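Structural overview for review
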Amino acid sequence: MLKRTHTCGQPRLADAGKTIALNGWVNTYRDQGRGLLFVDIRDRDGLCQVVFNLEHASPELVQQAKALRREDVIGVRGILRLRSGEPNHKLATGEVELAAEELEIFNKAENPPILPDDHDAEKINEEIRLKYRYIDLRRPRMQHILRTRSKVTKLARDYFAANGFAEVETPLLIKSTPEGARDFIVPARLHQGMWYALPQSPQLFKQILMVAGFDRYIQICKCLRDEDPRADRQAEFSQIDLEMSFVEREDVMTMMGGFAHAVWHDILGYDIGEIAQMTWQEAMDRFGIDRPDLRNPLEIREITDIVAGSEFQVFQQAIEKTRAGRAGCVKAIRVPGGAEKLTRKMTDGYTEFVKQFKAGGVAVAKFTAAGFETGIAKHLDPFKDALVARLALEAGDSVLIVADHWDTATKAFGELRLKVGRDLGLVNESAWRFLWVIDFPMFDWDEDGQRWVAMHHPFTSPNPDQFHLLESEPGKCLSAGYDLVVNGSEIAGGSIRIHRMDVQEKVFKLIGLTKEDADAKFGFLLSALRHGAPPHGGIAFGLDRLLMHLVGTDNIRDVIAFPKTQSGGDLMIDAPGPIDEQQILDCGMKVTLLEKKS
RNA sequence: GGGGUGGUAGCUCAAUUGGUUAGAGUUCCGGCUUGUCACGCCGGUGGUUGCGGGUUCGAGUCCCGUCCGCCUCGCCA
């Protein structure tokens with residue numbers, strides 16, 4: 001085998017005169033005629049031009065070189081030299097070329113369905129790219145992304161090892177749990193009729209590792225949730241998962257903040273500085289979402305108190321609504337300069353936009369020196385002074401208003417705020433805005449189930465000053481949870497956990513788990529908590545989403561080597577697929593598909 | 001489960017109101033070409049219009065069903 005002396009991106013002018021050898025793929029070939037043939041050879045770190053001077057070559061070499069085609073895998077040996085023609089400044093190796101004397105064709109390639117070219121890739125159907133992933137991954141962009149991913153995981157292991165963390169693997173075949181996402185399930189051959197579940201996270205195992213005295217644990221692990229994917233969500237995804245003993249909220253946040261600092265510093269050369277903090281309530285009130293994008297300057301203001309006396313039916317009806325113990329509300333966004341920037345077509349579109357979040361629509365008015373104009377101006381005029389003060393209105397602004405249930409108005413406006421910000425170009429796309437969101441409620445009221453559900457997960461502890469509310473006013477009890485948000489995207493989330501059995505039992509009871517259920521599902525946890533559980537807490541970093549930010553993509557499939565489609569398929573291996581009947585029988589089962597409801 | 005959108009040559013796209021033999025660029029194949037680098041020039045191959053029905057003298061185009069990709073609501077403790 002003709003083995004390389006350099007990778008394809010390495011040769012430089014300083015190496016000129018040396019005999020070197022390269023291994024790689026034929027990126028392009030440019031046949032100049034009887035005597036001259038250029039081949040760009042590509043490997044993981046770049047391109048190098050190879051030139052064949054065919055007049056002085058053996059007939060075998062001429063024949064082989066002439067037959068080279070894209071994606072053939074070759075080895076070339078020859079003398080590296082300064083290019084005779086103009087240098088190519090687009091290539092790191094652009095000043096030199098390899099004058100080929102020896103060529104070994106390791107493998108001829110069939111005419112490739114797609115070419116691993118970043119220039120083309122943007123246009124190619126992702127479906128084709130996923131089917132031929134082994135070609136798509138040859139692209140410099142994809143190589144860069146997956147190598148960045150590798151750098152991040154190495155950085156995580158180094159950083160946390162230096163801070164006393166031990167990497168421990170937790171099992172993939174575990175038990176289904178009632179709360180949370182749908183589990184992927186696996187039949188248990190040795191216990192016919194029983195099922196394993198694949199983990200949604202190593203949550204309980206890492207807590208038990210704390211009980212087991214490991215003090216500080218980390219794992220870079222796969223988590224699986226059988227829910228529908230999105231552009232930034234896959235059923236199978238990766239976490240940098242950690243847990244610490246003898247800590248309070250701030251200790252975990254400092255540790256994880258330090259890691260975020262190291263990542264942005266080492267990968268992007270960017271100093272993220274001090275990470276700001278905001279309570280969940282403030283985030284919801286000002287931004288309508290628990291992961292505010294602080295690059296967007298628009299803010300939401302509640303004006304329910306101001307317009308409470310309004311005759312306007314829309315306001316009246318909204319305020320009279322109640323749900324989940326919260327009164328309806330009227331909220332407003334001031335859009336600076338909106339009188340000119342927001343067209344009728346845009347604002348009509350906003351009404352359509354918020355309907356997908358169940359809101360009735362968006363009311364609009366312009367504000368000028370003379371007062372409110374257009375839209376619902378006459379319903380706002382009576383409250384002009386108070387509204388100007390609350391919203392800091394200036395002439396030329398527009399006001400967008402949503403009146404509805406609190407949760408509906410909050411959600412709709414939270415999403416609309418992002419859309420308006422994008423539409424008007426108010427978001428500085430190049431900025432990094434980090435934020436810790438803290439003081440989440442412990443529980444959400446579930447109208448359908450008529451019960452409390454854990455907002456984070458049921459092992460989250462109340463904040464130290466909140467324990468007295470746990471039973472008396474669970475809806476007001478705040479948790480010791482924390483989410484790390486960057487540019488409106490949640491990249492990490494965690495909490496201080498409950499380490500006392502009596503507290504854990506109370507929470508289980510509150511979310512409607514009977515003692516029998518709790519024992520059946522989580523008896524091992526309760527037992528562990530009885531046998532010397534230290535105060536502990538942890539956090540998990542979403543590795544895929546982290547990478548999306550670092551490499552600048554809004555498609556999670558770009559940062560996963562072999563991702564799945566929205567229907568959970570792998571287009572390369574054509575999964576999922578059928579299995580042999582014997583495999584099913586081995587599990588003591590037979591399969592009967594139910595009729596699809598029409 | 002719902003909403004939206006797309007599927008035509010290996011790839012990226014076009015095809016007027018339902019109307020001739022479904023075109024173009026690129027890849028690929030052949031020829032030419034000694035300094036190209038998205039090489040260039042000439043010629044050629046290449047089609048189950050996702051799949052299955054239907055309407056029609058005639059369907060890429062209209063209708064019904066179905067599969068697949070993407071975006072999204074629900075969902076994602």
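Residues numbered from 1 in each chain as written. Chains lettered and ligands numbered in written order. Predicted model: local features only at pLDDT ≥ 70, side-chain atom pairs only at ≥ 80, totals over all residues. Heavy atoms only, no water.

**Considering the side chain of Thr170**
Examined against the element boundaries, Thr170 turns out to sit in the loop between strand S6 (166–167) and strand S7 (185–187). We classify Thr170 as buried; its relative accessible area is 17%. Here Gln219 takes part through its side chain, which lies 2.9 Å from a polar atom of the side chain of Thr170. For Thr170, the contacting residues outside a window of four places in its chain are Pro202, Phe205, Leu209 and Gln219. (Helix = DSSP H or I, 4+ residues; strand = E, 2+ residues; numbered from the N terminus. Buried < 20%, exposed > 50% of the residue type's maximum accessible area, 1.4 Å probe, protein only. Polar contact = N/O pair within 3.5 Å; in protein donor to acceptor, adjacent residues only side chain to side chain. Contact = heavy atoms within 4.5 Å.)

**What about the protein's contact with RNA strand B?**
If you check the shell around RNA strand B, you find 52 residues, and the closest are Asp31, Glu55, Glu97, His456 and Gln566. Within 4 Å of the protein, the atoms of RNA strand B are drawn from sugar and phosphate moieties in a proportion of 54%. Between Gln32 and RNA strand B, the recorded distance is 3.3 Å, taken from a side-chain N or O atom to a base nitrogen. Contact between RNA strand B and Glu86: a base nitrogen at 2.6 Å from a main-chain N or O atom of the residue. Split by residue class, the surface near RNA strand B holds 12 nonpolar, 17 polar and 23 charged. (Near = heavy atom within 4 Å. Nonpolar A, V, L, I, M, F, W, Y, C, P; charged D, E, K, R; others polar.)

**Concerning the pairing of strand S19 (residues 434–438)**
Of all five residues in S19, five are buried; the element is thus mostly enclosed. Every second residue of S19 is oriented toward a common face, with Phe434, Trp436 and Ile438 on one face and Leu435 and Val437 on the other, all of them buried. Note that strand S11 (residues 276–279) and S19 share four bridges and pair parallel. The residue bridging Gln277 from the neighbouring strand is Trp436, located in S19. Sheet topology note: the S19/strand S22 (residues 481–486) ladder contains five bridges and is antiparallel. In the strand pairing of S22, Val437 is matched with Asp483. (Pairing = 2+ DSSP bridges.)

**Here we look at the packing of helix H5 (residues 140–162) against helix H7 (residues 249–268)**
Two packed helices can be described by the angle between their axes and the distance between those axes. The geometry of H5 relative to H7 is characterised by a closest axis approach of 10 Å and an angle of 140° between their N-to-C directions. Overall, the two elements H5 and H7 adopt an arrangement that is oblique. With respect to the hand of their crossing, H5 and H7 are arranged in right-handed fashion. Residues Thr148, Lys151, Val152, Leu155, Ala156, Tyr159 and Phe160 of H5 form the contact with H7, whose own contacting residues are Thr254, Met255, Met256, Gly258, Phe259, Ala262, Val263, Asp266 and Ile267. Here the contact of H5 with H7 is composed, by residue class, of 11 nonpolar, three polar and two charged. (Axes fitted to C-alpha atoms, helices over the stretch in contact; angles between N-to-C directions. Parallel < 35°, antiparallel > 145°, perpendicular 65-115°, else oblique. Left-handed = near helix turned anticlockwise from the far one by under 90°.)

**Here we look at the confidence of the model for chain A**
As a note on interpretation, predicted positions should not be read in detail where pLDDT is low. Scored by pLDDT, chain A comes out at a mean of 94, with 99% of its residues at no less than 70. In the predicted complex, the global pTM is 0.95; the interface-specific ipTM is 0.93. (pLDDT = per-residue confidence, 0-100.)

**Regarding the packing of aromatic side chains**
Across all of its chains, the model carries 18 aromatic pairs by this definition. Pairing Tyr159 with Phe160 gives two aromatic rings, centres 4.9 Å apart and planes at 85°, and the pair type is edge-to-face. Overall, the relative accessible area of 19% leaves Tyr159 in the buried class. Through a chain of ring-to-ring contacts, the aromatic side chains of Tyr159, Phe160, Phe165, Phe259 and Phe541 assemble into a single cluster. (Phe/Tyr/Trp six-rings, centres within 6.5 Å; stacked < 30°, edge-to-face > 60°.)

**Examining the nonpolar core**
One finds Phe160, Ile240, Phe259, Phe541 and Leu546 to be the most contacted residues of the largest nonpolar core, which totals 48 residues. When residues in this core are grouped by element, the largest group, nine residues, is from H7. Apart from residues lying up to four places away in sequence, Leu546 is in contact with Val152, Ile240, Phe259, Val263, Trp264 and Phe541. In terms of nonpolar packing, the next biggest core, distinct from the first, is built from 33 residues, Trp280, Phe357, Ala412 and Leu416 among them. (Core = buried A, V, L, I, M, F, W, Y, C linked by side-chain atoms within 4.5 Å.)

**Some points on a nonpolar patch on the surface**
On the surface, Leu172, Leu173 and Tyr196 cluster together into a nonpolar patch covering about 270 Å² of accessible area. Relative to the helices and strands, Leu172 resides in the loop between S6 and S7. (Patch = residues over 30% accessible without salt bridge, like charges linked within 9 Å, V, L, I, M, F, W, Y side chains within 5 Å. Areas by Shrake-Rupley, 256 points an atom, 1.4 Å probe, with all protein chains shown as cover. Salt bridge = Lys/Arg side-chain N within 4 Å of Asp/Glu carboxyl O.)

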